[in-house]
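What follows is the residue order along each chain.
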Amino acid sequence: DAGITQSPRHKVTETGTPVTLRCHQTENHRYMYWYRQDPGHGLRLIHYSYGVKDTDKGEVSDGYSVSRSKTEDFLLTLESATSSQTSVYFCAISESGTVNTEAFFGQGTRLTVV
Amino acid sequence: GQSLEQPSEVTAVEGAIVQINCTYQTSGFYGLSWYQQHDGGAPTFLSYNALDGLEETGRFSSFLSRSDSYGYLLLQELQMKDSASYFCARGGDSSYKLIFGSGTRLLVRP
């Protein structure tokens, strides 16, 4: 199994509070991704990174920010959590960042905003 | 546009063959891949097509027709354990993006 760990695995937070989710990899892959998964919407790309300090927006980036100060860590921050951000969040890593290369996913973080 | 369209649900009988379709918009197309996700689990890679035609991997095959902006995943000799959600995915406007369809939930019945 690819070495990719998400933390925390579960979190309940209050509306308006900041939340940071962490993705840690031991594979030294250059590309990292954050997705959210909601019923009927599949996996939607929030942000992705193509190297240390290199990030870009995905399909649903509003309300989210990311940082990547080291190859192995990619952080997703909700600056002020809202109930619409209740979701399951997946981190993924890829060696080449191309669709023909297998992306490995973490086990997900279930976030509930109350 | 980079969206992908899939049927939301498919039901099939154990031992049968099922095809899960995926249509996509053509802008910035870099190929189509397929992922499987069991309930409560993480998505896992199944296959990839860059060129037209059929790619076979055991009981699973994937097909692509770039002229039709269409692909499908074919599952043969269905087993109960194949009950899962299946996602097609494509590269985005830069090839580093990985964009997923909304997924097809496959239910295999005895």
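Anything mentioned here points back to the structure above.
The rules behind these values
Residues numbered from 1 in each chain as written. Chains lettered and ligands numbered in written order. Predicted model: local features only at pLDDT ≥ 70, side-chain atom pairs only at ≥ 80, totals over all residues. Heavy atoms only, no water. Salt bridge = Lys/Arg side-chain N within 4 Å of Asp/Glu carboxyl O. Helix = DSSP H or I, 4+ residues; strand = E, 2+ residues; numbered from the N terminus. Buried < 20%, exposed > 50% of the residue type's maximum accessible area, 1.4 Å probe, protein only. Pairing = 2+ DSSP bridges.

Enquirer: Requested: an account of the pattern of salt bridges, with residues and values cited.
Expert: Inspection of every chain in the model, using the stated rule, returns seven salt bridges over all chains. Lys70 of chain A is the salt-bridge partner of Asp73 of chain A, the closest N and O atoms lying 3.3 Å from each other. Linking Asp52 of chain B and Arg66 of chain B is a salt bridge whose minimum nitrogen-to-oxygen distance equals 3.0 Å. Highlighted residues: Asp52 of chain B in the loop between strand E5 (44-49) and strand E6 (53-57) and Arg66 of chain B in the loop between strand E7 (60-65) and strand E8 (70-75), separated in sequence by 14 residues. Note on Asp52 of chain B: relative accessible area 43%, which makes it partly exposed. Several salt bridges converge on common partners, so that one network encompasses Arg22, Lys70 and Asp73 of chain A.

Enquirer: Quick one: what's the story with the pairing of strand E4 (residues 31-38) of chain A, residue by residue and with numbers?
Expert: Residue and element names in this part refer to chain A. Buried residues dominate E4, accounting for eight of its eight residues. Of the two faces of E4, the one lined by Tyr31, Tyr33, Tyr35 and Gln37 and the one lined by Met32, Trp34, Arg36 and Asp38 are each fully buried. Summarising the sheet, E4 and strand E9 (residues 87-94) pair through seven bridges and their orientation is antiparallel. Bridging across to E9, Arg36 finds its partner in Tyr89. For E4 and strand E5 (residues 42-51), the ladder comprises seven bridges, and the chain directions are antiparallel. Among the inter-strand pairings, Met32 is bridged to a residue of E5, identified as Ser49. Hairpin connection, E4 to E5: the antiparallel pair is bridged by three residues, and Gly40 has positive phi, about 85 degrees.

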